[in-house]
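Per-entry structural report
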Amino acid sequence: MGCDLFSLATEGVQGLHPYQPGKPIEELERELGITNIVKLASNENPLGPSPKALNAIELAFQELCRYPDGGGFKLKTALCERYNTQIDQVTLGNGSNDLLEIIARVFADKQSEIVFSQYAFAVYPLVTQSIGAKAVEVPAVDWGHDLVAMAEAINDRTKLVFIANPNNPTGTYVSKSDLIRFLDAVPQRVIVVLDEAYCEYIGGSHQDFPDGVSLLTSYPNLIVTRTFSKAWGLASLRVGYALSHPDVADLLNRVRQPFNVDTFALEAATAVLADDEYLELSRKTNLDGMQALTSGFERMGVDYIPSVGNFVTFDTGRDAIAVYQSLLAQGVIVRPVANYGMTQHLRVSIGLPEENARFLKALAEVLGK
Ligand SMILES: *Cc1c(COP(=O)(O)O)cnc(C)c1O
């Protein structure tokens, strides 16, 4: 008789519900036998990659046989120039998900509590569960983080707080004054992770949106994480970074795998950081698309959660899975958010004008609007 292999895993891993990614285009193509599929399910940049990034990758092909620069010197230098930090404050990650997991492993264990908001990014409960720590989920207010309640949820066992700003899947954000009040209330022995995966989309359009990097000098317990997956258009390459106090970066870099970011990712990310034109176009495409989608929702009388990200979550007014399936049948992939306890909502990423139009047309048909 074989032993029960499942029971060999740690308690945390046994209770883990793996991350559910958006449905891949190829999978739906196979299922439906059609090709003109629109994927608005994973908050990807609809523009395609920057030509500067593509060029950098081409130049790097010959280095395929070599290990990447484990120190990521070129990319770190470019980040430091752009964001005015020191090189010993940077930790590179295989996507920023990698960093969220590294941070959890560095600072928390089975005895710890980790605080985050209801409806916050699904990876926070996941990494908490995987290390066997206790998740403390604080009820949201108007779909957003309640920072006052989150500060009150901190106790002697709390090691980490995750804040997504803006948050995925709700698109809400915390203001600079609320964030500062929160950071002032948090004991310095508690690490605060400010996940700014979508911050590039804001670009000065909301005066009260905080710039996490500018707060690092005042709050040594603050870690800012960012990614090249969204506005910078490099989701497939898996590259993100954390900016923090140098002592924190030193700890993160001890746990990080030595070659967690590959040469193509390092080269492409360095190149795209110099491509302000691409970033501007990403922002503009996003703003225009957001406008198109929200006007469409308003025309149809569909409720949505106002978002500053590159996605918007809307209320289907019924069991959302049926709507999701009907949209799939029309070749439009969006994202269910039932795993967040939002059973009537769906999240749609902002696409190109024609993709947004396809989505709106399909939605109108499905909802009979
Ligand atoms: C997309 C996303 C990330 C980043 O993912 P990576 O591709 O791993 O960099 C991080 N946080 C939030 C809230 C996200 O939505």
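Please read all numbers here as calculations on a predicted model, not as lab measurements. (Residues numbered from 1 in each chain as written. Predicted model: local features only at pLDDT ≥ 70, side-chain atom pairs only at ≥ 80, totals over all residues. Heavy atoms only, no water.)

Let us now look at the layout of surface pockets. There is about 830 Å³ of room inside the largest pocket. In terms of lining residues, the largest pocket is bounded by 39 residues, among which Ser42, Glu44, Ser229, Lys230 and Ala235 are the most central. Of all the elements in the fold, those that place two or more residues in the lining of the largest pocket are helix H5 (96–107) and strand S13 (345–349). Here the lining of the largest pocket gets 3 residues from one element, more than from any other, and that element is H5. (1 Å grid on protein atoms, 1.4 Å probe; cavity = no way out; pocket = protein on both sides within 12 Å on 5 of 7 lines; lining within 4 Å. Points joined across faces, edges and corners; volume = space filled by probe spheres on them. Helix = DSSP H or I, 4+ residues; strand = E, 2+ residues; numbered from the N terminus.)

Below, the discussion takes up the nonpolar core. Formed by 54 residues in total, the largest nonpolar core has its most connected members in Leu75, Leu79, Ile163, Phe182, Leu222 and Phe228. With 7 residues, helix H10 (residues 263–273) is the largest single contributor of residues to this core. (Core = buried A, V, L, I, M, F, W, Y, C linked by side-chain atoms within 4.5 Å. Buried < 20%, exposed > 50% of the residue type's maximum accessible area, 1.4 Å probe, protein only.)

Before going further, it helps to spend a moment on the domain arrangement of the protein chain. What the domain assignment reports for the protein chain is domain 1 (20–48 + 277–367) and domain 2 (51–274). The straight-line distance from the C-alpha centre of domain 1 to that of domain 2 is 25 Å. Every contact between the two is made by 22 residues of domain 1 and, on the other side, 25 residues of domain 2. In this assembly, domain 1 packs against domain 2 so that about 2,000 Å² is buried in total across both faces, 66% of it on carbon and sulfur atoms. The interface formed by domain 1 and domain 2 contains 0 salt bridges. There are 10 residue pairs in polar contact (both at pLDDT 80 or more) connecting domain 1 and domain 2. Broken down by secondary-structure element, the contributors of at least two residues to the side of domain 1 that touches domain 2 are helix H11 (276–300), strand S10 (311–315) and S13. (Domains from an automatic or database assignment. Contact = heavy atoms within 4.5 Å. Buried area = accessible area lost by both parts, 1.4 Å probe. Salt bridge = Lys/Arg side-chain N within 4 Å of Asp/Glu carboxyl O. Polar contact = N/O pair within 3.5 Å; in protein donor to acceptor, adjacent residues only side chain to side chain.)

Moving on: the side chain of Lys76. Examined against the element boundaries, Lys76 turns out to sit in helix H4 (residues 73–83). Buried within the structure, Lys76 lacks any salt-bridge partner; Asp69 is the closest side chain of opposite charge, at an N-O distance of 7.9 Å. Ignoring any residue separated from it by four or fewer positions in sequence, one finds Lys76 in contact with Gly71, Ile87, Val90, Leu92 and Asn253. (Lys, Arg positive; Asp, Glu negative; His and termini not counted.)

Two quantities define a packed helix pair, namely the angle between the helix axes and the distance between the axes. Running from N to C, H5 and helix H6 (residues 123–130) point in directions that differ by 40°, and their axes come no closer than 10 Å. One element, H5, and the other, H6, form an angle in the oblique class. Taken as a pair, H5 and H6 cross one another with a handedness that is right-handed. Between H5, through Asn97, Leu100, Glu101 and Ala104, and H6, the contact on the second element is made entirely by Val123, Tyr124 and Val127. (Axes fitted to C-alpha atoms, helices over the stretch in contact; angles between N-to-C directions. Parallel < 35°, antiparallel > 145°, perpendicular 65-115°, else oblique. Left-handed = near helix turned anticlockwise from the far one by under 90°.)

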